[in-house]
Amino acid sequence: MSFGETPITVIGNLTADPEIKFTDSGQALAKFTVASTPRTFDKDSGQWKDGTSTFFRCAAWRSLAEHVAESLTKGSRVVLSGRIRQHNWQTEQGENRSMLAVEVDDIGASLRFTTVAVNGKTAAKPDASGDPWATDGASPDSKFMDKPPF
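Read on for an overview of the structure. (Residues numbered from 1 in each chain as written. Predicted model: local features only at pLDDT ≥ 70, side-chain atom pairs only at ≥ 80, totals over all residues. Heavy atoms only, no water.)

Things to note about the overall build of the protein
So, point 1. Scanning the protein from terminus to terminus reveals one helix and eight strands.
So, point 2. Seen in sequence order, the protein has helices and strands lined up from the N terminus as β-β-β-β-β-β-α-β-β.
So, point 3. A buried classification covers 22% of the 150 residues belonging to the protein.
So, point 4. Sequence-distant contacts, at least 24 apart, represent 57% of the contacts inside the protein between residues at least 6 apart.
So, point 5. Summed over its atoms, the accessible surface of the protein is roughly 11,800 Å², and 51% of this surface lies on carbon and sulfur atoms. (Helix = DSSP H or I, 4+ residues; strand = E, 2+ residues; numbered from the N terminus. Buried < 20%, exposed > 50% of the residue type's maximum accessible area, 1.4 Å probe, protein only. Contact = heavy atoms within 4.5 Å. Areas by Shrake-Rupley, 256 points an atom, 1.4 Å probe, with all protein chains shown as cover.)

Here is the structure:
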């Protein structure tokens, strides 16, 4: 994140399935909206009450976009972190418009009300030198063991 950017964390539900597109250069882009609704407990009525929902238009890029499209669907409860971006444009009638959106850096399923299964697959591919984390055991001069100490 660059200096001066506005970070944001949003907890809410997807309002529709993510839409995935690819740029001319082949970059994946997933667009989706997250609705966040505050809940407060009304002591007088003894009931939980929903506040006004806030809708966040979100964009995820590259492998994150593909993971979002493969993993999340309408209604999925998520926790995301990202940066607020302002988009400005002009309509065909010459009117100036703007909107705020969230450029997503990371997103995951919220486990507060449900469980999920993580498949453990990774999209990361080792570079030409190989994966530095993959090992068949600790080297003789290493201080680290290949098994946890518990």
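There is more to say, and it comes next.
Some words on helix α1 (residues 62–71)
So, point 1. Looking at α1, one finds that the buried residues are Leu 64, Ala 65 and Val 68. Looking down the long axis of α1, one finds its buried residues gathered within 105 degrees of arc, a one-sided arrangement. Turned more than 90 degrees off the buried face of α1, the exposed positions are Arg 62, Glu 70 and Ser 71.
So, point 2. Lining the buried residues of α1 we find β2 (19–22), β3 (28–36), β6 (54–61) and β8 (96–109). (Arc of directions from axis to C-beta.)

Overview of the side chain of Ser 110
So, point 1. By secondary structure assignment, the location of Ser 110 is in the segment after β8.
So, point 2. Of note is the side chain of Ser 110, whose polar atom sits 3.4 Å from the backbone nitrogen of Arg 112.
So, point 3. Once you skip the residues sitting within four places of it in the chain, Ser 110 turns out to touch Arg 77, Val 78 and Val 79. (Polar contact = N/O pair within 3.5 Å; in protein donor to acceptor, adjacent residues only side chain to side chain.)

What to know about the pairing of strand β4 (residues 39–42)
So, point 1. Summarising the sheet, β4 and strand β5 (residues 47–50) pair through four bridges and their orientation is antiparallel. Note that in β5 the partner of Thr 40 across the bridge is Lys 49.
So, point 2. Counting the residues that bridge the hairpin from β4 to β5 gives four residues, and of these Gly 46 lies at a positive phi of roughly 70 degrees. (Pairing = 2+ DSSP bridges.)

A few points about the packing of aromatic side chains
Working definition: an aromatic ring pair is given by the centre-to-centre distance plus the angle between the planes.
So, point 1. Under the definition given, this model contains one aromatic pair.
So, point 2. Relative to Trp 48, the ring of Phe 41 has its centre 5.3 Å away and its plane inclined at 65 degrees; by these criteria the two rings are edge-to-face. (Phe/Tyr/Trp six-rings, centres within 6.5 Å; stacked < 30°, edge-to-face > 60°.)

A closer look at a nonpolar patch on the surface
So, point 1. Taken together, the side chains of Leu 111, Val 116 and Val 118 present a nonpolar region at the surface, about 320 Å² in accessible area.
So, point 2. Classification of Val 116 as partly exposed rests on a relative accessible area of 45%. (Patch = residues over 30% accessible without salt bridge, like charges linked within 9 Å, V, L, I, M, F, W, Y side chains within 5 Å. Salt bridge = Lys/Arg side-chain N within 4 Å of Asp/Glu carboxyl O.)

A look at the pattern of salt bridges
So, point 1. Using the criterion set out here, one finds eight salt bridges in the structure.
So, point 2. Asp 50 serves as the salt-bridge partner of Arg 39, at 2.7 Å between the closest nitrogen and oxygen. Highlighted residues: Arg 39 in strand β4 and Asp 50 in strand β5, separated in sequence by 11 residues.
So, point 3. According to the relative accessible area criterion, Asp 50 is exposed, its value standing at 53%.
So, point 4. Arg 85 is the salt-bridge partner of Glu 103, the closest N and O atoms lying 3.0 Å from each other. Highlighted residues: Glu 103 in strand β8 and Arg 85 in strand β7 (residues 77–90), separated in sequence by 18 residues.

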